[in-house]
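# Architecture at a glance
Read off the chains here:
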Amino acid sequence: MEKVIVFDTTLRDGEQAPGASLTSEQKLEVAYQLQNLGVDVIEAGFPVASPDDFKAISLVAKNIKKNIVCGLARCLEKDIKAAHDSLKKAKHPRIHIFLATSKIHLKYKFKKAEKEILDLAKRSTKLARNYCSDIEFSPEDATRSNRDFLFKVIEAAIAEGARTINIPDTVGYSYPQEIHFLISDILNNVPNINKAVISIHCHDDLGMAVANSLSAVLAGARQVHCTINGIGERAGNASLEELVMAIKTRKDVFGNFKTEVNTKEIFRTSRLVSRLTGFLVSPNKAIVGENAFRHEAGIHQDAILKKRITYEIMNPAEVGIRSQLVLGKHSGRHALLKRLKDLGLKLEEEKINTIFERFKELADKKKEIFDDDLIALAEEETRAEKKACELVSIRIVTGTDIIPEASVKIKYKRKIYQKKSTGDGPVDACYKAIDKITKIKAKLLSYKLEAITKGKDAQGLVRVEIKTKGKTVTGRGASTDILEASTKAYLDAINKIVS
Ligand SMILES: [Zn+2]
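All values reported here derive from a predicted model rather than from experimental measurement.

### So, the overall build of the protein chain
- The helix and strand tally for the protein chain stands at 18 helices and 16 strands.
- Computed over its C-alpha atoms, the radius of gyration of the protein chain comes to 25 Å, within 12% of the 23 Å expected for a compact globule of 499 residues.
- Overall, the C-alpha framework of the protein chain stretches about 70 × 60 × 45 Å when taken along its three principal axes.
- Counting across all 499 residues of the protein chain, residues that qualify as buried make up 53%.
- Across the protein chain, every contact between residues at least 6 apart in sequence was considered, and the portion connecting residues at least 24 apart equals 65%.
- When the accessible area of the protein chain is evaluated, it comes to approximately 23800 Å², of which 52% is carbon and sulfur surface.

### Focus: the environment of Ala209
- Looking at the secondary structure, you find Ala209 in helix α9 (residues 209–219).
- With 196 residues separating them in the primary sequence, Ala209 and Glu405 have C-alpha atoms 50 Å apart.

### Overview of the packing of aromatic side chains
- Using the criterion set out here, one finds 5 aromatic pairs in the structure.
- Ring centres of Phe46 and Phe98 lie 6.3 Å apart, and the angle between their planes is 65 degrees; this geometry places the pair in the edge-to-face category. Here Phe46 is found in the loop between β3 (41–45) and α3 (51–63), whereas its partner Phe98 is found in strand β5 (residues 93–100), with 52 residues between them in sequence.
- Accessibility expressed as a relative area gives 18% for Phe46, which makes it buried.
- Given a relative accessible area of 18%, Phe98 falls into the buried group.

### Structural notes on a positive patch on the surface
- A contiguous patch of positive charge, built from Lys62, Lys65, Lys89 and Lys91, is present on the exposed surface.
- Its location among the elements puts Lys65 in the loop between α3 and β4 (68–74).

### Thoughts on the coordination of the zinc ion
- Every protein donor of the zinc ion is listed here as Asp13 (OD), His201 (NE2) and His203 (NE2), and their distances to the metal cover 2.0 to 2.2 Å.
- Read in sequence order, the donor residues coordinating the zinc ion give the pattern D-x187-H-x1-H.
- What makes His201 buried here is its relative accessible area of 5%.
- Note on His203: relative accessible area 4%, which makes it buried.

### Quick notes on the pairing of strand β8 (residues 197–202)
- Burial runs high along β8: 5 of the 6 residues are buried.
- Where strand β7 (residues 164–169) meets β8, 6 bridges bridge the pair, whose relative direction is parallel. Note on β8: the bridge partner recorded for Ile165 is Ile198.
- As for the winding sense of the linkage, the β-α-β connection from β7 through helix α8 (residues 176–189) to β8 is right-handed.
- Of the pairings in the sheet, the one linking β8 to strand β9 (residues 223–226) comprises 2 bridges and is parallel in character. Within β9, the position partnered with Ser199 by the bridge is Gln223.
- On the question of chirality, the crossover connecting β8 to the parallel β9 by way of α9 is right-handed.

Scoring rules and cut-offs
Residues numbered from 1 in each chain as written. Predicted model: local features only at pLDDT ≥ 70, side-chain atom pairs only at ≥ 80, totals over all residues. Heavy atoms only, no water. Helix = DSSP H or I, 4+ residues; strand = E, 2+ residues; numbered from the N terminus. Rg over C-alpha atoms; globule rule 2.2 N^0.38 Å. Buried < 20%, exposed > 50% of the residue type's maximum accessible area, 1.4 Å probe, protein only. Contact = heavy atoms within 4.5 Å. Areas by Shrake-Rupley, 256 points an atom, 1.4 Å probe, with all protein chains shown as cover. Phe/Tyr/Trp six-rings, centres within 6.5 Å; stacked < 30°, edge-to-face > 60°. Patch = residues over 30% accessible without salt bridge, like charges linked within 9 Å, V, L, I, M, F, W, Y side chains within 5 Å. Salt bridge = Lys/Arg side-chain N within 4 Å of Asp/Glu carboxyl O. Lys, Arg positive; Asp, Glu negative; His and termini not counted. Charge placed at Lys NZ, Arg CZ, Asp CG, Glu CD. Donors = N, O, S within 2.8 Å, 3.2 Å for Na, K, Ca; no water. Pairing = 2+ DSSP bridges. Right-handed = clockwise from strand over helix to strand, strands pointing away.

Printed below as a string of structure tokens:
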């Protein structure tokens, strides 16, 4: 069996998606889950991009010991130095350098001749190699580059010590057969190619990222770049779950290949990334969409009951989708504990007591408690450690013909405060009342509300992004009352600023 190295770039290319920004702590939370999932490489960010990025990569490098942790750098000394510095604590560091090789990029982006680019590739690989033994080199826009020049650059990078050559279809322009020829050509025309692993990095602009990546594997690539839920720049990257499950499911085609991914962790990883980025997974998304394993047609349902393979090519349990167990008012502590354990939520003893209390409160408000409700509850409790402010109560008067007014009572730095404010809407009124208490002037950058589960009594999950003194933080809050969820989300973000 030949191993296909899974290079996850959710925290770099994925996080680059407009509106997906994650805090360092959230990045670490995702990195831990990627470790459980069993990816080989975690690209944690672009260290030179911002101090926040640098901090996040350092944090991941310090805590993640099983996987290779990778930082991205342009072919610039300051970038490579920053990548090296951010990865100082990593057990298995990798520096990923990139340099555009296509005529379009050379002419309009760099205004440089091919010879200068070739020299730069050599110098930068050499420099990076002085810092780190594991270097990955990407000729950006490779699929639109002149072949002979591309071969020369690749040969030079390998000669200077690059161990992995990553071929990016940067603009998502290629198609499977073309990628197959490109990889074969590289194998046949780069004399020292046997000293490096060929990798593939595909974007989904024409919806072919996964197909292109798989085609590259069949042609000889042994590393795939991918992201959870396929998030990334523009239309996104090749999706990890689709790649891994295609290799696993089509044994007739990919029988010689394997990945180290524990597929049972796929669903949980997908939902974690979705919750933290605020990017919902569309219901028809392959592998992880809500409808991916649902059968509506009666004929299908009937056949499935007789024999699953009639209409189902994969078992949902293989990707970690369990049948929903619905808990309610009469469910005991034991049932709750068992379900939390099944969901993979590890909690300390004292936390379990609080969660059980919160569970009972919630069961009073809504009849059926689904897995996602429990996950939201557990998440709130695990994040609740150092709270500078906590919600005591809110009272809101609102309507279509009056100015909304909120009275908010919170515990702030161990004292109870209560303030009133009007606002453009009830949420705005609550936030203004909180600002009066904390005296923190925060700008609300985004506000998102979604229902955690189905039904009119579903809990609402609010995610806010606020900015104060140049710092951007996010906050989340869940409740059956959306105004309470909104207030909690705002306080969650304020807590991050205060701490
Ligand atoms: Zn990319």
